[in-house]
Amino acid sequence: MLQGKTIAFLVAPEGIEQIELTEPWKAVEQAGGTPRLISTLPGKVQAFNHLDKADTFDVDATVEEVSAGDFDGLVLPGGVANPDNLRLDANAVRFAGAFFDAGKPVAAICHAPWTLIEAGVVGDRAMTSWPSLKTDLHNAGASWVDQEVMICTNGPNTLITSRRPDDLKAFCQAAVDAFSG
């Protein structure tokens, strides 16, 4: 389904919820796509299993070295610290927003919509997230729903959102479907 397609996975240097990175990554690979790990700094990123340190992963490129034009879609893994750090980095925010400008699919899980709020791209979109983001999304103009996966095409691109790791199966399938075009 994803032969010849390259999908960006945007993460901060630490605080990524590991399973929200590794499961969509595997789904992209299993569908024949090429995932690439993009971060704000070169080197390695530190993933977490909730609050406990987990594995580290090699960064393929920094947000300053790539553009949305290099990719067919974007995945934003969650974790609390990961998107909180990303939304403070102007280059990361610009990179995420550029996928909307280009009409390319974006998939965000758990706390990841914080980065999209900062990019100013959630207005008039139907979304889900970790429940604590409900008010943040509402204040940014989004319509929040409490469901496993939300696929919103009311905008310049397809936006896929999910609430938590328990939703990963549906999230991964929806993301792969959107990335396949």
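For clarity, every value in this text was computed on a predicted model and none was experimentally measured. (Residues numbered from 1 in each chain as written. Predicted model: local features only at pLDDT ≥ 70, side-chain atom pairs only at ≥ 80, totals over all residues. Heavy atoms only, no water.)

## Description of the overall build of the protein chain
If you tally the helices and strands in the protein chain, you get six helices and 12 strands. Computed over its C-alpha atoms, the radius of gyration of the protein chain comes to 14 Å, within 12% of the 16 Å expected for a compact globule of 181 residues. A buried classification covers 52% of the 181 residues belonging to the protein chain. Sequence-distant contacts in the protein chain: of pairs separated by 6 or more residues, those separated by 24 or more amount to 65%. Carbon together with sulfur atoms contributes 46% to the accessible area of the protein chain, which is approximately 7800 Å² in total. Side-chain charges in the protein chain split into 13 positive and 24 negative, and the spacing between the mean points of these groups amounts to 3 Å. (Helix = DSSP H or I, 4+ residues; strand = E, 2+ residues; numbered from the N terminus. Rg over C-alpha atoms; globule rule 2.2 N^0.38 Å. Buried < 20%, exposed > 50% of the residue type's maximum accessible area, 1.4 Å probe, protein only. Contact = heavy atoms within 4.5 Å. Areas by Shrake-Rupley, 256 points an atom, 1.4 Å probe, with all protein chains shown as cover. Lys, Arg positive; Asp, Glu negative; His and termini not counted. Charge placed at Lys NZ, Arg CZ, Asp CG, Glu CD.)

## Some words on unusual backbone geometry
A negative phi angle is the norm for most residues apart from glycine, just as the trans form is the norm for most peptide bonds. Backbone geometry at His 50 places phi at a positive 60°, although glycine is not the residue there. Within the secondary structure, His 50 is located in the loop between strand 4 (44-49) and strand 5 (52-58). With relative accessibility at 61%, the residue His 50 sits in the exposed group. A positive phi angle, near 65°, is found at Asp 124, a position not held by glycine.

## Section: the pairing of strand 11 (residues 149-152)
Sheet topology note: the strand 11/strand 12 (residues 159-162) ladder contains four bridges and is antiparallel. By the bridge assignment for strand 12, Ile 151 is matched with Ile 160. Count of turn residues in the strand 11/strand 12 antiparallel hairpin: six residues. (Pairing = 2+ DSSP bridges.)

## Brief notes about the packing of aromatic side chains
Enumeration according to the criterion identifies four aromatic pairs in this entry. For the pair Phe 9 and Trp 25, a centre-to-centre distance of 5.0 Å together with 55° between the ring planes defines the contact as tilted. On the criterion of sequence distance, the pair formed by Phe 9 in strand 1 (residues 6-11) and Trp 25 in helix 1 (residues 18-30) is long-range, its members being 16 residues apart. For Phe 9, a relative accessible area of 0% puts it in the buried group. Between Phe 71 and Phe 95, the aromatic rings sit 6.0 Å apart at their centres with planes inclined by 90°, giving edge-to-face as the arrangement. In this pair, Phe 71 sits in the loop between strand 6 (61-62) and strand 7 (73-76) while Phe 95 sits in helix 3 (residues 90-101), placing the two residues 24 residues apart along the sequence. In this structure an aromatic cluster arises from ring pairing among Phe 71, Phe 95 and Phe 99. The cationic tip of Arg 87 hangs over the ring face of Trp 114; the distance from NZ or CZ to the ring centre is 4.3 Å. (Phe/Tyr/Trp six-rings, centres within 6.5 Å; stacked < 30°, edge-to-face > 60°. Lys NZ or Arg CZ within 6 Å of the ring centre and 35° of its normal.)

## Section: the nonpolar core
Residues Leu 10, Ile 38, Leu 74, Phe 95 and Leu 116 are the most contacted members of the largest nonpolar core, which totals 30 residues. For this core, the secondary structure elements donating two or more residues are strand 1, strand 7, helix 3, strand 8 (106-109) and helix 4 (113-119). Filtering out sequence-adjacent residues up to four positions away, Phe 95 remains in contact with Ala 8, Leu 10, Ile 38, Val 63, Val 66, Ser 67, Ala 68, Phe 71 and Leu 74. Within the second largest apolar cluster, 27 residues are counted, among which are Val 75, Ala 107, Leu 168 and Val 176. (Core = buried A, V, L, I, M, F, W, Y, C linked by side-chain atoms within 4.5 Å.)

By themselves, these figures tell us nothing about what the structure is for.
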